[in-house]
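# Topology and contacts: notes
In case you want the letters, here they are:
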Amino acid sequence: MANPTTQLELEMSRELDNRTETDTLRRAQFRMHTLIAAWYDDEPSEPDQAIRDVLTDLVHLADARSVDIHTALDRAVWMVDQERADWGLGKVQR
């Protein structure tokens, strides 16, 4: 977590560091599972619902920050491919 400021952020940052190694798939999964568990409804019958909701909120944030969401998404997918290569995994399904 970049520059945690609240007590909750500090606790979450410590938990992340205690449970995961930097730049690992486990760390990425831990962050997302924590985010979804805290803020989103994850419906077993609709496995994409929470992901859609997270992405929707990110589109709103990108718009508020004047970020081109398509460029950001392209760069994110590129970064996932780079990380997965570092971790010995294949590229993401497209």
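Above this text you will find the structure in question.
Structure report, in brief. For clarity, every value in this text was computed on a predicted model and none was experimentally measured.

## Quick notes on the overall build of the protein
If you tally the helices and strands in the protein, you get four helices and zero strands. Seen through its principal axes, the protein has C-alpha atoms that stretch 35 × 35 × 35 Å. Counting every position in the protein, which comprises 94 residues, the buried fraction comes to 13%. Within the protein, contacts between residues at least 6 apart in sequence are counted, and of these 8% link residues at least 24 apart. With an accessible surface of roughly 7800 Å², the protein has 54% of that area assigned to carbon and sulfur atoms.

## Focus on the layout of surface pockets
A water-sized probe, rolled over the atoms, reveals where empty space remains. Empty space within the largest pocket amounts to approximately 1800 Å³. If you trace the largest pocket, you find 42 residues lining it, with A28, M32, L35, V54 and L58 closest to the centre. The greatest single-element share of the lining of the largest pocket, amounting to 12 residues, is contributed by helix α2 (residues 25-39). Here the lining of the largest pocket is built from residues that sort into 31 nonpolar, four polar and seven charged.

## Focus: the pattern of salt bridges
Going through the model one piece at a time under the given rule, you end up with four salt bridges. Among the ionic pairs, R27 bridges to D17, the shortest N-O distance being 2.7 Å. Taken as a pair, R27 in helix α2 and D17 in helix α1 (residues 7-19) lie far apart in primary sequence, 10 residues in all. Between E46 and R52 there is a salt bridge whose closest N-O contact spans 3.7 Å. Judged by relative accessible area, which is 38%, R52 ranks as partly exposed.

Scoring rules and cut-offs
Residues numbered from 1 in each chain as written. Predicted model: local features only at pLDDT ≥ 70, side-chain atom pairs only at ≥ 80, totals over all residues. Heavy atoms only, no water. Helix = DSSP H or I, 4+ residues; strand = E, 2+ residues; numbered from the N terminus. Buried < 20%, exposed > 50% of the residue type's maximum accessible area, 1.4 Å probe, protein only. Contact = heavy atoms within 4.5 Å. Areas by Shrake-Rupley, 256 points an atom, 1.4 Å probe, with all protein chains shown as cover. 1 Å grid on protein atoms, 1.4 Å probe; cavity = no way out; pocket = protein on both sides within 12 Å on 5 of 7 lines; lining within 4 Å. Points joined across faces, edges and corners; volume = space filled by probe spheres on them. Nonpolar A, V, L, I, M, F, W, Y, C, P; charged D, E, K, R; others polar. Salt bridge = Lys/Arg side-chain N within 4 Å of Asp/Glu carboxyl O.

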